Amino acid sequence: MIQTKTYNKEILKTITAGLEQQPKRLPSWLFYDEIGDKIFQAIMRMPTYYLTACEFDIFRNQKDRILNHIMSDEGSFKLVELGAGDGTKTEVLLDHFLKKQTPFTYVPVDVSEAVLAQLATRLSKSLPDLKIHPECKLYNEALEIMKNDTSEKKLILFLGANIGNFSKDEAITFIKKLAVNMNAPDRLLIGFDLKKDPRLIQAAYDDPEGITREFNLNLLGRINREFGGQFDLELFSHYPFYDPETGVTKSFLVSNQEQEVWIDAIEKSIHFDKAEIIHTEVSQKYDLKMINLLSAQSGLEIVDVIYDQKEYFADVVLKLKD
Ligand SMILES: C[S@@+](CC[C@H](N)C(=O)[O-])C[C@H]1O[C@@H](n2cnc3c(N)ncnc32)[C@H](O)[C@@H]1O
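Residues numbered from 1 in each chain as written. Predicted model: local features only at pLDDT ≥ 70, side-chain atom pairs only at ≥ 80, totals over all residues. Heavy atoms only, no water.

K.L.:
Got a sec to walk through the layout of surface pockets? Specific residues and values, please.
P.N.:
Considered as a void within the structure, the second largest pocket measures approximately 440 Å³ in volume. Taken together, 18 residues form the lining of the second largest pocket, with Asn8, Ile11, Trp29, Val111 and Arg222 sitting closest to its centre. Counting residues per element, the ones that place at least two in the lining of the second largest pocket are helix H1 (9–20), helix H5 (113–126) and helix H9 (211–227). Top contributing element to the lining of the second largest pocket by residue count: H1, with three residues. Taken domain by domain, the lining of the second largest pocket gets at least three of its residues from each of domain 1 (9–28 + 219–284) and domain 2 (50–194 + 286–320). (1 Å grid on protein atoms, 1.4 Å probe; cavity = no way out; pocket = protein on both sides within 12 Å on 5 of 7 lines; lining within 4 Å. Points joined across faces, edges and corners; volume = space filled by probe spheres on them. Helix = DSSP H or I, 4+ residues; strand = E, 2+ residues; numbered from the N terminus. Domains from an automatic or database assignment.)

Here's what the structure looks like:
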């Protein structure tokens, strides 16, 4: 019997469009399949990836300050986390909120089904009293659900510099869309990785052990596994670049030679010139002036700016403008 493989059409459409445009570009959410999730967890443990330690520092030391932004006598709230990943940092807050007997439901949203399953399994053991409703969705789809839900107030978390994966303009568009779904008592907490010594930033995206390289190349590995691609990972290299003038880190995959790469799911080859790139990730770094501008242009007001002890990172609490 001939078996025909079924492909995820939406993901395939995104990949085909990205590889057929000039310059080639794939969105960074494609990094996160089961293997990509595991590599990202290894990145979070790298000493050079300071972002995780900074946000842990904030949550461990400022959890009451964060809770006070949403806690009131008026019943429960929803803790919606966009791009929750494995939620290890968030667990510090969840644990604290439960200890304070605050009634809330945790709604982690992530495009990766594997990471959400891992998160839910871990939390069911470590925090058995937690009410949790995972949603396997893209951010935009999650905004649609929020639009129709006015039953409880919300604390929306957007951590780990996920906002940095948008360009400055895309970030304004996205926050505006989020703001439309917020009511006066709701709060939005966004993690911003701050501008700092360019060498520290560069090292976070280009570690000596090659874990970030493996993460970037896994995108091609994913196309091979899920869509019958024939990428030879040895024929591409990882190139991250931080520009301190704009605060943007960009990651690329560079074709080491001219090549044709066959992909079963689209029944054709994609041509690469020698040194042609695929742009795979943006990571925008911010300063306070940029954060002020972003909130003002998105119709929000800053309520609090919470720094880690090194002031490498800031979790910023926002609300609708009065
Ligand atoms: C850089 S990781 C950060 C995870 C976590 N927020 C943290 O701070 O450790 C980004 C996470 O967001 C998810 N993600 C990225 N883009 C997404 C999108 N457009 N919609 C939904 N989830 C997305 C990924 O699957 C991944 O788990």
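K.L.:
Quick one: what's the story with the domain arrangement of the protein, residue by residue and with numbers?
P.N.:
For the protein, the domain assignment lists domain 1 (9–28 + 219–284) and domain 2 (50–194 + 286–320). For domain 1 and domain 2, the distance between their C-alpha centres works out to 30 Å. Listed per partner, the contact involves five residues of domain 1 and seven residues of domain 2. Per-residue buried area on domain 1 facing domain 2 is highest for Ser28, Val282 and Gln284; these three make up 78% of the total on that side. Along the contact surface separating domain 1 from domain 2 lie zero salt bridges. (Contact = heavy atoms within 4.5 Å. Buried area = accessible area lost by both parts, 1.4 Å probe. Salt bridge = Lys/Arg side-chain N within 4 Å of Asp/Glu carboxyl O.)

K.L.:
Give a description of the site of the ligand that names residues and reports values.
P.N.:
The full set close to the ligand counts 16 residues, and Tyr32, Gly83, Lys89, Asp110 and Tyr139 are the nearest of them. Interatomic distance of 3.2 Å between a backbone N/O atom of Val111 and a nitrogen atom of the ligand. Protein chains bury 93% of the 590 Å² of accessible surface belonging to the ligand in isolation. A per-class count over the shell around the ligand returns nine nonpolar, four polar and three charged. (Near = heavy atom within 4 Å. Polar contact = N/O pair within 3.5 Å; in protein donor to acceptor, adjacent residues only side chain to side chain. Areas by Shrake-Rupley, 256 points an atom, 1.4 Å probe, with all protein chains shown as cover. Nonpolar A, V, L, I, M, F, W, Y, C, P; charged D, E, K, R; others polar.)

K.L.:
Describe the pairing of strand S14 (residues 313–320), and please don't skip the residues or the numbers.
P.N.:
Along any regular strand the residues' side chains alternate between the sheet's two faces. Counting buried residues along S14, seven of its eight residues qualify, which places the element largely inside the surrounding structure. Where strand S7 (residues 187–193) meets S14, six bridges bridge the pair, whose relative direction is antiparallel. Pairing of Ile190 across the sheet is with Val316, part of S14. Relative to S14, strand S13 (residues 300–307) runs antiparallel, the two being bridged by seven bridges. Bridged to Tyr307 within S14 is Ala314. Where S13 folds back on S14, the antiparallel hairpin that results is connected by five residues, among which Glu311 adopts a positive phi of roughly 60 degrees. (Buried < 20%, exposed > 50% of the residue type's maximum accessible area, 1.4 Å probe, protein only. Pairing = 2+ DSSP bridges.)

K.L.:
Quick rundown of empty space enclosed by the protein? Include the residues and the values.
P.N.:
Inspection of every chain in the model, using the stated rule, returns one cavity of 30 Å³ or more. Around the largest cavity sit Ile175, Ile190, Phe192, Ile291, Leu294, Ser295, Ser298, Leu300 and Leu318, which together line it. Residue assignment for the lining of the largest cavity shows that the elements contributing at least two residues are S7 and helix H10 (288–297). Element by element, the count of residues in the lining of the largest cavity is highest for H10, at three residues. Split into classes, the residues belonging to the lining of the largest cavity amount to seven nonpolar, two polar and no charged.

K.L.:
Report on the sheet that holds strand S8 (residues 236–243), specifying residues and quantitative values.
P.N.:
Here four strands make up an open sheet; going across it, the order is S1-S12-S9-S8 and the pairing mixed. The open sheet has two free edges, formed respectively by strand S1 (24–25) and S8, since each of these has just one partner strand. Judged from the eight bridges that link them, S8 and strand S9 (residues 248–255) form a sheet pairing that is antiparallel. Residue Ser237 lies in a different strand from S9, and its bridge partner there is Val254.

K.L.:
Break down the packing of helix H4 (residues 88–99) against H5 for me, citing the residues and quoting the values.
P.N.:
Their axes nearest at 12 Å, the elements H4 and H5 cross at an angle of 35 degrees. Considering how the two elements wind past one another, H4 and H5 form a crossing that is right-handed. Note on element contacts: H5 touches H4 through Arg122, Leu123 and Ser126, opposite Thr88, Glu91 and Leu94. (Axes fitted to C-alpha atoms, helices over the stretch in contact; angles between N-to-C directions. Left-handed = near helix turned anticlockwise from the far one by under 90°.)

K.L.:
Run through unusual backbone geometry, naming residues and quoting values.
P.N.:
Most of the time, phi is negative for any residue but glycine, and the peptide bond is trans. A cis amide bond, omega -10 degrees, links Gln22 with the succeeding residue Pro23. Structurally, Pro23 is set in the loop between H1 and S1. A positive phi is found at Glu311, a non-glycine position, where the angle reads about 60 degrees. Counting through the fold element by element, Glu311 comes out in the loop between S13 and S14.

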